[in-house]
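For reference, the chains in residue letters:
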Amino acid sequence: MVTVAVVVILSGLAIVNYSQRLSQERLLASARILHAWLDEHRRIAMQRGGACRLTIDSTSASLDPTGENVILPDGKTTPNVCANRTPLLLKETTESGEKIELKKNQSEASAIIFSFRGFSQIANADNNWSTDPELELRLFMPKVERERCIKLISPLGLIRDGYAASDESDCIYNSTY
């Protein structure tokens, strides 16, 4: 009888740990997908010799490249070479991903623009370019301790990913994954 009680207690602990670990891995998979998706669109802009605008929507946790034109800060427009690409819906990237949420460190940032040279700019809602050289996107899920972070460094177009121990801590970018 004692053996059965010990087995029940240990399996209960194992199920809780497994469930938390599974959620952490789903979040990590979504962060890796986001990183690869951003890098792919940066390369498309370079290959096609144009600009690629990716609109960020925190409420639906998505990035959308489908706008027809990229409006530059001087008011001129150029075709969006990524306009025919499929949007990235982070809530659909992994199983049970509907709980994934997206937040950004710049509330006024509305889009990322990659140039034909691979450089990047962060665009605000009023279509002016942000003066902040970094955009940090954080992926998180309820009841998951670690958050996943993606940092875009402008104007170089560098994309880094990392993690944060909690929503109040800074992201750590000490490795590629």
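The coordinates are above.
If you're wondering where the values come from, they're calculated on a predicted model, not measured in any experiment.

**Some remarks on the pattern of salt bridges**
Tallied over the entire structure, the rule returns six salt bridges. Of the charged contacts, one joins R138 and E136 as a salt bridge, the two residues approaching to 3.4 Å between their closest N and O atoms. Across this residue pair, the class does not change: R138 and E136 are buried. The residue R138 makes a salt bridge to E147 at a minimum N-O spacing of 2.8 Å. Here E147 falls in the buried class, since its relative accessible area comes to 4%. Through salt bridges that share partners, K103, E136, R138 and E147 make up one connected network.

**So, unusual backbone geometry**
The residue after S154, namely P155, is reached through a cis peptide bond having omega 5°. Here P155 lies in the loop between β10 (147–153) and β11 (158–164). A positive phi angle, close to 50°, is found at A61, a residue other than glycine. Mapped onto the secondary structure, A61 falls in the loop between β1 (52–57) and β2 (62–64).

**Some thoughts on the environment of I150**
Tracing the backbone through its elements, the reader meets I150 in strand β10. Taking C-alpha positions, I150 is 6.4 Å from R138, a pair spaced twelve residues apart along the chain. Once residues lying within four places of it in the same chain are set aside, the contact partners of I150 are A31, L34, H35, L38, L135, E136, L137, I159, R160, D161 and Y173.

**Side note on the packing of aromatic side chains**
All told, the structure shown has zero aromatic pairs when counted by the stated rule. When the ring centre of F140 is taken as origin, the NZ or CZ atom of K103, which lies over that ring, is 4.7 Å away. Across the ring face of Y163, the terminal group of R146 is positioned such that the distance to the ring centre comes to 3.9 Å.

**Here we look at a nonpolar patch on the surface**
On the surface, F119, L156 and L158 cluster together to form a nonpolar patch covering roughly 280 Å² of accessible area. In this fold, L158 is placed in strand β11.

**A closer look at the sheet that holds strand β6 (residues 101–104)**
Pairing is antiparallel in the open sheet, where four strands are placed in the order β6-β9-β10-β11. Of all the strands in the sheet, the pair left with one neighbour each is β6 and β11. Taking each pair of neighbouring strands and ignoring which way they run, the sheet shows an average axis angle of 20°. Note that β10 and β11 share seven bridges and pair antiparallel. Across the sheet, residue L152 finds its bridge partner in β11, namely I159.

Parameters at a glance
- Residues numbered from 1 in each chain as written.
- Predicted model: local features only at pLDDT ≥ 70, side-chain atom pairs only at ≥ 80, totals over all residues.
- Heavy atoms only, no water.
- Salt bridge = Lys/Arg side-chain N within 4 Å of Asp/Glu carboxyl O.
- Buried < 20%, exposed > 50% of the residue type's maximum accessible area, 1.4 Å probe, protein only.
- Helix = DSSP H or I, 4+ residues; strand = E, 2+ residues; numbered from the N terminus.
- Contact = heavy atoms within 4.5 Å.
- Phe/Tyr/Trp six-rings, centres within 6.5 Å; stacked < 30°, edge-to-face > 60°.
- Lys NZ or Arg CZ within 6 Å of the ring centre and 35° of its normal.
- Patch = residues over 30% accessible without salt bridge, like charges linked within 9 Å, V, L, I, M, F, W, Y side chains within 5 Å.
- Areas by Shrake-Rupley, 256 points an atom, 1.4 Å probe, with all protein chains shown as cover.
- Pairing = 2+ DSSP bridges.
- Axes fitted to C-alpha atoms, helices over the stretch in contact; angles between N-to-C directions.

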